Amino acid sequence: MLPAPGSWNDTTFTLTALASLTDGSAVVRLDHSVMVNTYLRIETFAAGHVGHQWGEFRFGGTIDANAGGAGLPPVPVTVPVPVLDLGVALRVSL
């Protein structure tokens, strides 16, 4: 956590990471927060998913799934692998 770095008295940076030891996947997130005025704060974040596909924090990939009957060809099922999440929020203090 880096609150009020240097002359940026109204800004905060936070870097967090959460990992699964069993499958080697993780999510790393950088948060940025700036106080615009007395009542309004703008918050942004970027989160990256790292590690192996089908892991807890990077769930996705392609598998061959059988449609349930013998003699039917396998059907590929694709789940998009998350790479990057971005977000913006406005926080109002009442």
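The notes below deal with the structure included here. (Residues numbered from 1 in each chain as written. Predicted model: local features only at pLDDT ≥ 70, side-chain atom pairs only at ≥ 80, totals over all residues. Heavy atoms only, no water.)

1. Some points on the overall build of the chain
Our working definition: A run of H or I in DSSP becomes a helix once it reaches four residues, and a run of E becomes a strand once it reaches two; helices and strands are each numbered from the N terminus. The atom set for the radius of gyration is the C-alpha atoms, and the globule formula is 2.2 Å times the number of residues raised to the power 0.38.
On a plain count of helices and strands, the chain comes out with zero helices and seven strands. Taken from N to C terminus, the helices and strands of the chain fall in the order β-β-β-β-β-β-β. In terms of overall size, the chain is more extended than a compact globule, its C-alpha atoms giving a radius of gyration of 20 Å where 94 residues would be expected to give roughly 12 Å. Principal axes of the C-alpha set define a box for the chain whose edges measure 70 × 30 × 20 Å.

2. As for the packing of aromatic side chains
Threshold: What counts as a ring pair is set by centres within 6.5 Å for rings of Phe, Tyr and Trp (its six-membered ring), and what kind of pair is set by the plane angle: stacked under 30 degrees, edge-to-face over 60, tilted for all other angles. Note on classification: 1.4 Å probe, protein chains only; a residue is buried when its accessible area is under 20% of the maximum for its type, exposed when over 50%, partly exposed between these limits. By definition, being over a ring means that NZ of Lys or CZ of Arg is both within 6 Å of the ring centre and within 35 degrees of the ring normal.
Evaluated as defined, the whole model comprises two aromatic pairs. Both rings, one in W8 and one in F13, keep their centres 6.1 Å apart while their planes meet at 40 degrees; by these two values the pair is tilted. Relative to F59, the ring of W54 lies with its centre 4.9 Å away and its plane at 85 degrees, an arrangement referred to as edge-to-face. Exposure remark for F59: the relative accessible area of 49% places this residue in the partly exposed category. The aromatic ring of F45 is capped on one face by R29, whose charged end is 3.9 Å from the ring centroid.

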